[in-house]
Amino acid sequence: MVGMNGNSSITNHEYGRYAAEKVAKEYVAREYSDFMVKCGSDLDAMCQVHENLGKENVSQTVCLDLIPREDISLVDLVHSDHEELRKVVLALSHLVSEMDFLVEEGRSFYYPLLYYGEGVDEKALQAGEGHACAGRMVETLQKLLSYVNYSYKVIKNMVGQLSRLYCSADAGPKYFEIGETHFKIVFERMGSVLAILVNLDSIINRNNLLREHIAQLQHVVRSIQHNASNFDTTPEDLRLLDLSLDEITEKTLSGTLFLRCMNQSFPTNNNKVLLDEISANVKGFLEELSFRLEKEGERDNLENMQKFLNIVCLYVLHAHLGLRVDNRQLKTIIDVAKNSIVAVPLVGSCLWFPDQFLSLYLPRGDRAVDVKMLENVGTARFQYVRQRSQQIAKDLQLWNTKIVFWLSRLSGQHVNSQEELTNQCCLVLQGLRYVAKLSGVVRLILNLHLAIQPVISKGTVMAAFQTFELIKTLQKAIEKQLTDYPQAWMHLQQQLRRSVSDVVQFVSKRLASEKSNKKRPRKTISAALALAERVLTGPCTSSRVSTARISLAIACNAFRDEELSLLAHRLQKMELLSVGIRQRVRELADCEVFYWHKSLLNTYLPEARERRFESPRIGQTLMAAMDCQVALASVKHLSNPTRLVDAHQKFIRRAIDVHIVEPLCASVETELRIQSHAHLHPTPRNPFKESPCLNTLGNLPLSRHEQLSVSHQVEHYLGQTFYNLAALASHDWRKYGQMRLLAGLAFNLKPLPDRLPSQTLEQGLDVLEIMRNIHLFVARFGYNLNNQFFVEQSSSSKHLSTIGIKHASNSIRTHGSGVVNTAVNFTYQFLRKKFFVFSQFLYDEHIKSRLMKDARYLRELSEGKDSALKYPYERAEKFHRGIRKLGLNSIGLSYLDQFRILITHLGNALGYVRMLRSGSIHCSAESCAPVPDLAELVYLNETGVDHQLGSSTSSLKNHNDTMDMADGLFESLAKPNPALSSLSELSSKALDKVLDDLAQNLSESSDYFKLLVDVFRPFFRDPRHSHLRHFYVIVPPLTVNYVEHIVTCKEKLTKKNRQETSTFTDDGLAMGLAYCLSVLDQWKDFDALQWFSSVREFFERERKIAGLQSQASQDTLSLTLHRLETYRQEFDLLFYNLNSARIFFRHERPIIPASSI
């Protein structure tokens, strides 16, 4: 017992260890499986980010406007007990708001001036359209003139206000003590307004056409002043217009807007304090910009470029105010231009070069700026273009990684808490910086290539367009986030206001505990802090933010450095929110520059197709091409600006068609053809390179509210191609049907069915072609009575054409059953012509005399004692030889040979009619395959519905009395049912008609042989055709002639290099003889000849005679017996065929007396 228990314990221990290991392994495997599933789902989510964004609707969804607004004036907003402070803040805030307005208003002039002349062809300009375009621009130019004058006044007023604030003690008592206050916001706005003037100068200077047209318009105005009444105006109005055009030309179209602003008289009186303040702000801006540019990727940031332009404009203003140049700051600016910002992209394809700008607009700039410095900047610009073009492709790989990671973070967060809302806002702001960097790169690269290096490589083009793709992807993601989480930005506004307010309140409390400052009274600082705190209690509007910045600038001495840094960072974000994140991202992501480089689209699209870019990627690039539509719609020189938009859309559509749709259609068609012929084992190919790009079978945007479905275009192309080719080669309809099915299986395409009558590869000769050339057909083809097919007697090729019932059925399916009646009519016309020759032959004296002689012989033979009349074979052979003695034609045919051919042609024509009738029945039988029992349906239609349905359909019996018995079965079933519409009744009637037609085609009612016999029989009964009554007598010689002919043709089949006609079947003679005997009603006379009995007796006698000739050699005897057997078999075959053909013409007819003939 002890041993047994011990073993049991050991066994249980081992089993427990095994079970534990198994459980542990299963747990580890399950954990690893869950880990792999989670990783796979995360990777799938990251990979689907671009696609999900691309599949969204192109049109803008309904979303909240996140720009804060309020209906309050600056006078009510700026309220303080400190009157001097209130007036200073109110004046500066008002001027800042005016400069903000000038920036927005100035941008509205960009596109009408930039796109002037676009969309007007040279012929229209030569026809006088130039001054008409200029006339439409007069209103815009007058607004521009007013805008420029007002900008001059605002800049002058701002300089005057600052001159009163920043002045020395020697100038008199100060109105307000500002101490070391730096109004950065004021100088930022001044730089922005001056940059707008620089942009306008650049646009005007590059468009000489506008100046030319204004000059033409002015010439026209001056020329019609003497005949003003003819143009429904007055000379005074024309004179005022002329003066206005002079002013416009001088002040705006001269391209010196910025220079005129610098040259106006500012009320500074050489204010050194103000100049030092401007210089200090310029220095601070440059230091801040240099610090930013030291970071990676910031040199291409579009915002940094625009700030650099503003700083340089402010520096030039300082130089003009002080009439001197600060060389240190100039050197710093040149260093930035040489090492970081070689150029600044303006609107469109315009570029701003800092070195050229400084040399032109600085006082004595040609002396102030060293030539060597200018050359260094130019050299750096060329090096930047070359290096950036080579490096941009590699940089894009890093950008792709960054943006995919950013998108995954943006879409992967679940916003449930305030911290997550803040993170979402931070991610969007990070995406905004990405957009600014990418926009700066692509605008600068493309415009620099256009300006200084026109040749651009394909790699650079692809990188530029991929940058457009990334920009639009970022814009789409940011706008989606703004739409989905508007509460995040409300939370951010509140958080920023609270943060700034806390700092201000903390400083106010600290200030209250400190002693008064000698430089500035505590009252002023406290009032400024109180004003800032009061302003920040409302929404983050631009007026509140600018007022807060001015107030905090006055109280800057109360803050520590870290507090100032925090305030600057918070106020910068508040200022961005006041403008609107959506508006800012649209400005940065605006790809209007695409219009000036749209020819590169012809390089990008083919390469994108070769690289197999997905349709969402190409769609994002095309979305960039749409950004210029807003600019194109704002032109003023055209009577209808939409023409320019339509022309741009047509260009894009044409590029897509040429480089995407048409090659894709061709490749899909080629792939379908290869797949449909796979059984032929084509040459192996690389499916990754030669198969069509399936990823482009999506939707591509053409405008913001229109998309191009590439799959529908391919379906349309395939449907059109299959239709055209099936119409040209109807026998290939089945192959194109297979290709249509393959298109659905392989590419999910559904081409429209061609709806054409179908043909097959076994189509053979078309019945219409045979019908039109029936005289050639019956001569070239031989008929086989038993198998109902025609075979070509001779051909120049190695193959002989054949035509059978299936071929005829396919042709009837193609052309319809009505072609049979048409073919019978053609056959009737052909028979008429042949019967004329038939009658002439029998009317010939040589033939008629021999026939009459044989007829007399037969009559005498029948009157003799031997009542068993048999036409002797020897007499028929004598007749045959006698006719041959009459002569031969050029090809060696006797008259009897030609008559045999005539009868054979008649039989072939009738065989053609028989084949068509059989083909029609065959086609109808195939069409009736889905019908359960056509005969039963016809029976039901004829006998009524109740007879078949019985008592189970009592409801139908109630209506049977009211049914029209002329109605079809399905129509009768449909009429009593009130739930069915009139369209259902019409469909039922059409179905009955189709079934009736099929039943008639399958029935034996259409006996075309009887029709062809009856139509000629009355004609031949006329006494004028009495010479035809002995036709039956010539039948035996015809059979002898036929047998000799067919034996000769069959012997030629075994010979090589045969050039004469050779065939193995020619049953047209049997069909023709049966038809002629039926038409002439001479079967009784022919049967009385017992011709084929006589033939059999003759060959029996010949065999016996050959066997009795013992002196003949064995070879000769064998050849003789073989020849006799061959002839006997051919006569037997002719006998069988003739009796078979006789069945077609056996009908019940009244006995006609012989005297009537």
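About the cut-offs
- Within any chain, residue numbers begin from 1 and follow the written order of that chain's sequence.
- Side-chain atom pairs in this predicted model are given and counted only at pLDDT of 80 or more, local residue features only at pLDDT of at least 70, and totals for whole chains, interfaces and linings cover all residues.
- Each side-chain value is worked out from all heavy atoms of the structure, with water and hydrogens disregarded.
- Burial status follows relative accessibility: with a 1.4 Å probe on protein chains alone, a residue under 20% of its type maximum counts as buried, one over 50% as exposed, and anything between as partly exposed.
- Strands are runs of DSSP state E lasting at least 2 residues, helices are runs of H or I lasting at least 4, and numbering of each runs from the N terminus.
- Pairing between strands requires that DSSP locate at least two bridges from one strand to the other.
- It only takes one pair of heavy atoms within 4.5 Å for two residues to be counted as in contact.
- As used throughout, the charge tally considers Lys and Arg to be positive and Asp and Glu to be negative, leaving His and the chain termini uncounted.
- What counts as a salt bridge is simple: a side-chain nitrogen of Lys or Arg found within 4 Å of a carboxyl oxygen of Asp or Glu.
- Aromatic rings from Phe, Tyr and Trp, taking only the six-membered ring of Trp, are treated as a pair when their centres fall within 6.5 Å; an angle between ring planes under 30 degrees marks them as stacked, one over 60 as edge-to-face, and anything in between as tilted.
- Note on geometry: a ring has a charge over it if NZ (lysine) or CZ (arginine) is within 6 Å of the ring centre and within 35 degrees of the ring normal.
- A pair of sulfur atoms, both from cysteines and within 2.5 Å, is called a disulfide here.
- Residues with no salt bridge and a relative accessible area higher than 30% make up the patches, which join like charges within 9 Å and nonpolar side chains (Val, Leu, Ile, Met, Phe, Trp, Tyr) within 5 Å.
- The method behind every accessible area is Shrake-Rupley, applied with a 1.4 Å probe, and residues are considered shielded solely by the protein chains displayed.
- One confidence number per residue, pLDDT, is output by the predictor and ranges from 0 to 100.

> Whenever I open this one, the pairing of strand β3 (residues 699–703) confuses me. Can you help?
The side chains of a regular strand alternate, residue by residue, between the two faces of the sheet. Taken across its five residues, β3 has four buried, putting it largely inside the fold. Once β3 ends, the chain turns through two residues before running back antiparallel as strand β4 (residues 706–709).

> Mind showing me how you'd approach the side chain of Ser80 here?
Inspection of the secondary structure assignment puts Ser80 in the loop between α2 (74–77) and α3 (83–107). The contact partners of Ser80, leaving out residues within four places of it in the chain, are Leu85, Arg86, Ala527 and Arg534.

> Help me understand the side chain of Arg914, please; the structure alone is not making it clear to me.
Structurally, Arg914 can be placed in helix α36 (residues 895–927). Among buried Asp, Glu, Lys and Arg side chains, Arg914 stands out as unpaired, with Asp1067 the closest opposite charge at 7.8 Å. Non-local contacts of Arg914, meaning those with residues more than four positions away in its chain, are made with Tyr783, Leu785, Gln788, Phe1009, Met1071 and Phe1144.

> In this structure, what is going on with the packing of aromatic side chains? I would like to understand it.
Here a ring pair, both rings aromatic, is described through the centre-centre distance and the interplanar angle of the planes. Applying the stated criterion across every chain, the model contains 48 aromatic pairs. Aromatic side chains Phe835 and Phe838 sit 5.6 Å apart centroid to centroid with 90° between the ring planes, which places their arrangement in the edge-to-face category. Placement of both Phe835 and Phe838 in helix α33 (residues 818–843) is noted, with a separation of three residues, approximately one turn of the helix. Given the relative accessible area of 0%, Phe838 is considered buried. The side chain of Lys598 reaches across the aromatic face of Phe651, ending 5.0 Å from its centre. The side chain of Lys848 reaches across the aromatic face of Tyr843, ending 4.5 Å from its centre.

> Quick question: what am I supposed to make of unusual backbone geometry here?
Peptide bonds are mostly trans, and most non-glycine residues show a negative phi. The phi torsion at Arg612 lies on the positive side, around 60°, for a residue other than glycine. Inspection of the secondary structure assignment puts Arg612 in the loop between α23 (601–610) and α24 (615–626). The exposure class of Arg612 is partly exposed, given its relative accessible area of 22%. One non-glycine residue, Gln1090, lies in positive phi territory at about 45°. Judged by its relative accessible area of 32%, Gln1090 is partly exposed.

> Quick question: what am I supposed to make of the sheet that holds strand β6 (residues 789–792) here?
Strand pairing in a sheet takes place through backbone hydrogen bonds and is either antiparallel or parallel in direction. Here three strands make up an open sheet; going across it, the order is β5-β6-β7 and the pairing antiparallel. Either end of the sheet is taken by a strand with one partner, and the two such strands are β5 (781–784) and β7 (802–803).

> I'm lost on the state of the cysteines in this one. Help?
Between two cysteines, a covalent bond joining their sulfur atoms is known as a disulfide. In total, this model carries zero disulfides according to the counting rule given. The cysteine Cys261 is free of any disulfide, with Cys313 supplying the nearest cysteine sulfur at 9.8 Å. The class for Cys261 is buried, based on a relative accessible area of 0%. Free of any disulfide, Cys425 has its nearest cysteine sulfur in Cys426, 6.9 Å distant. Look at Cys425 and you get buried, because its relative accessible area is 1%.

> Before we go on, may I ask you to explain a nonpolar patch on the surface in this structure?
On the surface, a nonpolar cluster with roughly 350 Å² of combined accessible area is contributed by Tyr32, Phe35 and Met36. Mapped onto the elements of the fold, Tyr32 is located in helix α1 (residues 2–54).

> Would you mind going over the confidence of the model for the chain with me for this structure?
Regions with low pLDDT carry predicted coordinates that are not meant to be interpreted in detail. Across the chain, the average pLDDT comes to 82, with 86% of residues at or above 70. Below a pLDDT of 50 lies the segment residues 1–11, which in the model reaches zero contacts outside its immediate sequence neighbourhood of four places, other chains included. Every residue in residues 944–965 scores below 50 in pLDDT, and together they form 21 contacts with partners more than four places removed in sequence or on other chains.

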